[in-house]
Amino acid sequence: NALKNVTALQVAASKADGTIDFWEYSRASTLNGRFRRHGCGTATGRRVKSLSGKTIFEISNGRIDLLKIDTEGLELEVFSSFGSVLREIPCVIFECSEANYGRAGYTIGALLTMLRGQQRHIYRLASKGQLAQIEGVEYRAVNTELITVTDPNMLLRRLSGAFSICGSAPTP
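Q: An account of the environment of R103 is needed here, citing residue identities and associated values.
A: Along the polypeptide, R103 turns up in helix α3 (residues 98–104). Taking relative accessible area as the criterion, R103 reaches 41% and is therefore assigned partly exposed. Note: C-alpha distance between R103 and G73 (30 residues apart in sequence) is 7.2 Å.

Here it is in structure tokens:
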């Protein structure tokens, strides 16, 4: 692409530097890093380079303005691999899926608790361009994109009025 201020790393985010096996399915349009899915056709393994969050941050010269991850349930593992440098990333967008987290052996509550321990505020996109803050740990989601930021005011300034923040997100 023609963007000069964007760096795309062609690696998998993981808990450690090394490699990770992804599964590619004949009847699905998805790759999955740890969990083989049944009923999606023939699975073919593909080994790819993986880096921990701390290494990704170091490769980025200690500056990541926006991080988008979709790790099919391994978000807690990947966020944890950043350690304290997660606090240095102003905005992270990730897919929140209760089913995927259950396969990985944890809950949405555990993930939200860890993120808040990193002094992060958590939002979901609500209707009409509003961001609804998620409070507590009882949030329920099925493949919902969540946004977590270190400074909500910075988020609003950068979005230049495209969004506003409304009350806390109800538990669906």
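Q: Explain unusual backbone geometry to me, and be specific about the residues and the numbers.
A: Look at N61: it is not a glycine, yet its phi comes out positive at around 55°. Among the structural elements, N61 can be located in the loop between α1 (53–59) and β5 (66–69). Overall, N61 belongs to the exposed group, its relative accessible area being 73%. Residues other than glycine seldom take positive phi values, yet Q119 does so here, at roughly 60°. With respect to the secondary-structure elements, Q119 resides in the loop between α4 (108–117) and β7 (121–125). Of the residues examined, Q119 reaches a relative accessible area of 48% and is grouped as partly exposed.

Q: Describe the pattern of salt bridges, listing the residues and the values that go with them.
A: One pass over the full model with this rule turns up three salt bridges. With a shortest N-O distance of 2.8 Å, D21 and R47 are connected by a salt bridge. Of this pair, D21 sits in strand β2 (residues 18–25) while R47 is found in strand β4 (residues 43–51), placing the two residues 26 residues apart along the sequence. The exposure class assigned to D21 is partly exposed, which follows from its relative accessible area of 31%. Between D65 and R63 there is a salt bridge; the shortest N-O distance is 2.9 Å.

What counts as what
Residues numbered from 1 in each chain as written. Predicted model: local features only at pLDDT ≥ 70, side-chain atom pairs only at ≥ 80, totals over all residues. Heavy atoms only, no water. Helix = DSSP H or I, 4+ residues; strand = E, 2+ residues; numbered from the N terminus. Buried < 20%, exposed > 50% of the residue type's maximum accessible area, 1.4 Å probe, protein only. Salt bridge = Lys/Arg side-chain N within 4 Å of Asp/Glu carboxyl O.

Interpretation note: all reported values are geometric properties and have no functional meaning in isolation.
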